[in-house]
Amino acid sequence: MTAKGQTVGLNIGPGAREAVRALTYRLTGEAGRRVTMTEAITAACSVASRDLAATVAALTESDAKDRS
């Protein structure tokens, strides 16, 4: 968990903000404790880094949806 005062601003779009909020909420339920947005983002980046091919595929899917 990040100590208060050790945070930085992050500019993201509304869709990404909602995705992080939803992930944080779901992780909180699964973990049985409050998960912060910082923890959720860090965990998501860790998982995404382990499977870059799947991450690139997700980016491609996102690009296709944006063009529709």
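Scroll up to find the structure this text is about.
A look at the overall build of the protein chain
Next up, step 1: Assigned secondary structure in the protein chain consists of three helices and zero strands.
Next up, step 2: Traced from its N-terminal end to its C-terminal end, the protein chain shows the element sequence α-α-α.
Next up, step 3: Its C-alpha atoms give the protein chain a radius of gyration of 14 Å, clearly above 11 Å, the size a compact globule of 68 residues would have.
Next up, step 4: With the C-alpha coordinates of the protein chain rotated into their principal frame, the extents come out at 40 × 25 × 20 Å.
Next up, step 5: Within the span of the protein chain, comprising 68 residues, buried residues form 9% of the whole.
Next up, step 6: Entry remark: accessible area of the protein chain is about 5800 Å², with carbon and sulfur atoms responsible for 58%.
Next up, step 7: Considering the protein chain, the positive charge centre built from 9 side chains and the negative charge centre built from 7 side chains are found 8 Å apart.

Description of the pattern of salt bridges
Next up, step 1: Tallied over the full model, the rule gives one salt bridge.
Next up, step 2: The closest approach of N and O atoms between E39 and R33, which form a salt bridge, is 3.2 Å.
Next up, step 3: With relative accessibility at 43%, the residue R33 sits in the partly exposed group.

How each quantity is defined
- Residues numbered from 1 in each chain as written.
- Predicted model: local features only at pLDDT ≥ 70, side-chain atom pairs only at ≥ 80, totals over all residues.
- Heavy atoms only, no water.
- Helix = DSSP H or I, 4+ residues; strand = E, 2+ residues; numbered from the N terminus.
- Rg over C-alpha atoms; globule rule 2.2 N^0.38 Å.
- Buried < 20%, exposed > 50% of the residue type's maximum accessible area, 1.4 Å probe, protein only.
- Areas by Shrake-Rupley, 256 points an atom, 1.4 Å probe, with all protein chains shown as cover.
- Lys, Arg positive; Asp, Glu negative; His and termini not counted.
- Charge placed at Lys NZ, Arg CZ, Asp CG, Glu CD.
- Salt bridge = Lys/Arg side-chain N within 4 Å of Asp/Glu carboxyl O.

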